[in-house]
Every structure is written in structure tokens, then in C-alpha cells.
Amino acid sequence: VQLQASGGGLVQAGGFLRVSCLASGGTFSRYVMGWFRQTPGKEREFVATITGSGASTYYADSVKGRFTISRDNAKNTVYLQMNSLKPEDTAVYYCAAGLIFLTSDRRYDYWGQGTQVTVSS
């Protein structure tokens, strides 16, 4: 499975942004999809995850109520809608695919290249 993340950019605090991840090379609906983020010098951090059908989602406490993960299996794409952005949301955002609905990055088998999100204060 190949993953291609896109949609990052620069946004002011309080603004919104949507990042996308296009999958190819596998049966997309089989995979749990997750979003993670990382800043320099820190470990990769779980953000959100969604089951293959899209019926279940789970969020990190730091983004709950502000971010929404969704997927369109017909388009092989998973999205992360980010609202009420804060400067501390600044990071490289990675999408990942796995077979188990968990928050640990070790459980994800395939990773995209990352897209930079920068939130200015």
C-alpha cells in the first residue's frame, strides 16, 4: 500500500485546514487508517484513527472536539479536518494504514511521506 498525504500549509491560529491521504495498491476498505504528527526532537504522536468501514473513530485528547477524521472508500482517501487550530498543532502530519484499530504507531504497517502543517499565532 502506498500513501500520499497532501493539503498541509500555513494557517493562522483559530483557522482550519484539511489534510488528505490517498491510498493505492491495496484494498483500502480493509485498512484502519490513522493520522499521526511529529515535531523536531519529539516522538511521533497519535492524532486520530478510523476503522475500515468508517463506523468508528478515536482521537487524542489534545484534538478531540477540534479535529475530525473521515474516509471515502470509493476514493481511497482518508481526511483529517482540523478546526480551531492552535500553534501547538504545528507538526508534520503523517497518514498510516494498518489492520488493528489502535493508537500505537507500531501497529501501522504503511506510512505516507508527511505533510507540514504550520499554525501561526
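Here's what I pulled together on the structure shown here. (Residues numbered from 1 in each chain as written. Predicted model: local features only at pLDDT ≥ 70, side-chain atom pairs only at ≥ 80, totals over all residues. Heavy atoms only, no water.)

How two aromatic rings sit relative to each other is given by the distance of their centres and the angle of their planes. Scanning the entire structure with this criterion turns up six aromatic pairs. When the centroid spacing of 5.7 Å and the interplanar angle of 70 degrees are considered together, the rings of F36 and F46 count as edge-to-face. Of this pair, F36 sits in strand β4 (residues 32–38) while F46 sits in strand β5 (residues 45–50), and the two are ten residues apart along the sequence. The class for F36 is buried, based on a relative accessible area of 0%. An aromatic cluster of three or more residues is present, and its members are F36, F46, Y58, Y108 and W111. The ring of W111 carries the charged tip of R44 above its face, separated from the ring centre by 3.8 Å. The side chain of R71 reaches across the aromatic face of F28, ending 4.3 Å from its centre. (Phe/Tyr/Trp six-rings, centres within 6.5 Å; stacked < 30°, edge-to-face > 60°. Helix = DSSP H or I, 4+ residues; strand = E, 2+ residues; numbered from the N terminus. Buried < 20%, exposed > 50% of the residue type's maximum accessible area, 1.4 Å probe, protein only. Lys NZ or Arg CZ within 6 Å of the ring centre and 35° of its normal.)

So, about the environment of R18. Relative to the helices and strands, R18 is located in strand β3 (residues 17–24). A relative accessible area of 46% means that R18 is categorised as partly exposed. It is 24 Å that separates the C-alpha atoms of R18 and I100, two residues lying 82 residues apart in sequence.

Turning to the state of the cysteines, a few remarks are in order. What the rule picks out here adds up to one disulfide. There is a disulfide in this structure between C21 and C95, and the S-S distance comes to 2.1 Å. Where C21 bonds to C95 through sulfur, the torsion about that S-S bond is close to 60 degrees, and the disulfide is right-handed. Here the residue C21 occupies a position in strand β3, and C95 occupies one in strand β9 (residues 91–98), the gap between them amounting to 74 residues. Here C21 and C95 have matching classes, each one buried. (Disulfide = S-S within 2.5 Å.)

Further remarks concern the pairing of strand β1 (residues 2–6). Within a regular strand, the side chains alternate between the two sheet faces. Judged by which residues are buried, β1 turns out to be one-sided: L3 and A5 face inward and are buried, whereas Q2, Q4 and S6, on the alternate face, are not. Direction of pairing for β1 relative to β3: antiparallel, over a ladder of five bridges. Its bridge partner lying in β3, Q4 is registered against L22. (Pairing = 2+ DSSP bridges.)

Another aspect to go through is the sheet that holds β3. The four strands lie next to each other as β1-β3-β8-β7, forming an open sheet whose pairing is antiparallel. The open sheet has two edge strands, β1 and β7 (67–72), and neither has a second partner. The sheet shows a mean angle of 15 degrees between the axes of neighbouring strands, direction not considered. Sheet topology note: the β3/strand β8 (residues 77–82) ladder contains six bridges and is antiparallel. Within the sheet, the bridge partner assigned to C21 lies in β8 and is V78. (Axes fitted to C-alpha atoms, helices over the stretch in contact; angles between N-to-C directions.)

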